[in-house]
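# Fold and geometry: a report
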Amino acid sequence: MEVIVNKALILEYNSTLEKCVGYTKLGKLTAEILNHNQHFINDEKRNAAICRYFPEFYDTIMQTVEPRAWVHSVEAKNGKHAAMLVCSVNNFYPKEIKVMWLRNGKNVTSGVTNTDVLADGNWLYQIHSFLEYTPKPGETITCVVDHASLDQPMLKNWERFSEPEKIKIAVGSFAILMGLGIFLAGLIYYKNKTGRTLVPTQM
């Protein structure tokens, strides 16, 4: 796998190192994200092995191969805003493909950059689409992939939080609610136990 933008190599999958290697600032950030996606890395390992040992398979049996796509963000240094959204589409055949962005269901054209359709080296192809984007509350950002192998375009929404982050947030929220419940229960118990009505007495 290689990602080339304006004829410059941005990142590639190194089958010897079994990981993605970035050669630019954006490439290094994207490579770091991809290297944490074990499913993606396993696919690249498999593709490299097939290409090395069984190249004749693709010549004889491959007609169309459905693309795999996902949307991820490359965050700015301050961590407050996404500097770039990336729609990565790979493992598809034939080469012809269309990738576009929607914001709340409307086509987005400004701030969009696409790589060329790139050969994976295993008779499959990949493309990456970049969207400059600052998040706004309530917006839905969608990457749309249209390919001959699909009955209808594939839609991939940008999830602001990854699954591990969602789990952490859910666990943290549950812990806060549990702590608050225990605190309130203790407060009510303390007041019921110590609360007394004072009746004035005459001297």
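Presented here is an overview of the structure given in this document.

Turning to the overall build of the chain, a few remarks are in order. When helices and strands are tallied, the chain shows 4 helices and 12 strands. Taken over 203 residues, the chain has a buried fraction of 34%. In the chain, 55% of the contacts between residues at least 6 apart in sequence involve partners at least 24 apart. Accessible surface computed for the chain: about 13,500 Å², of which carbon and sulfur atoms make up 57%.

In this section: the environment of Q63. Secondary-structure assignment places Q63 in the loop between α3 (56-61) and β4 (68-75). With a relative accessible area of 59%, Q63 lands in the exposed category. Considering only alpha carbons, one finds Q63 and P94, 31 residues apart in sequence, at a separation of 7.7 Å.

Turning to the packing of aromatic side chains, a few remarks are in order. Tallied over the full model, the rule gives 3 aromatic pairs. With a centroid separation of 6.4 Å and 35° between ring planes, the pair formed by F92 and Y125 is classed as tilted. In this pair, F92 sits in strand β5 (residues 82-92) while Y125 sits in strand β10 (residues 125-131), placing the two residues 33 residues apart along the sequence. Among the residues examined, F92 registers a relative accessible area of 0% and is labelled buried.

With that out of the way, let us pick up empty space enclosed by the protein. Where empty space is left becomes clear once a probe the size of a water molecule has been rolled over the atoms. Counted according to the given criterion, the structure contains 1 cavity of 30 Å³ or more. The calculated volume of the largest cavity comes to roughly 50 Å³. V3, I10, L11, L26, G27, T30, V86, H128 and F130 are the residues that line the largest cavity. For the lining of the largest cavity, the element with the highest residue contribution is helix α1 (residues 25-35), accounting for 3 residues.

Right, let's get into α1. Of the positions making up α1, those classed as buried are G27, T30, A31 and L34. The arc that holds the buried residues of α1, viewed along the axis, is 105°, so those residues lie on one side. In this structure, α1 carries K25 and K28 as exposed residues pointing more than 90 degrees from its buried face.

Oppositely charged side chains can form a pair if their charged atoms are brought close together. Summed over all chains, the structure comprises 1 salt bridge. A salt bridge links E139 to R103; the nearest nitrogen and oxygen atoms lie 3.6 Å apart. With E139 in the loop between β10 and β11 (141-147) and R103 in strand β6 (residues 97-103), this residue pair connects regions lying 36 residues apart in the sequence. The class of E139 is buried, set by a relative accessible area of 17%.

Overall, antiparallel pairing links the 4 strands, which are arranged β7-β6-β11-β12 in an open sheet. For this open sheet the edge positions go to β7 (106-108) and β12 (154-157), each flanked by a neighbour on one side alone. Taken pair by pair, the neighbouring strands of this sheet meet at an average axis angle of 35°, ignoring direction. Relative to β12, β11 runs antiparallel, the two being bridged by 4 bridges. The partner of V144 across the bridge, within β12, is L155.

About the criteria used
Residues numbered from 1 in each chain as written. Predicted model: local features only at pLDDT ≥ 70, side-chain atom pairs only at ≥ 80, totals over all residues. Heavy atoms only, no water. Helix = DSSP H or I, 4+ residues; strand = E, 2+ residues; numbered from the N terminus. Buried < 20%, exposed > 50% of the residue type's maximum accessible area, 1.4 Å probe, protein only. Contact = heavy atoms within 4.5 Å. Areas by Shrake-Rupley, 256 points an atom, 1.4 Å probe, with all protein chains shown as cover. Phe/Tyr/Trp six-rings, centres within 6.5 Å; stacked < 30°, edge-to-face > 60°. 1 Å grid on protein atoms, 1.4 Å probe; cavity = no way out; pocket = protein on both sides within 12 Å on 5 of 7 lines; lining within 4 Å. Points joined across faces, edges and corners; volume = space filled by probe spheres on them. Arc of directions from axis to C-beta. Salt bridge = Lys/Arg side-chain N within 4 Å of Asp/Glu carboxyl O. Pairing = 2+ DSSP bridges. Axes fitted to C-alpha atoms, helices over the stretch in contact; angles between N-to-C directions.

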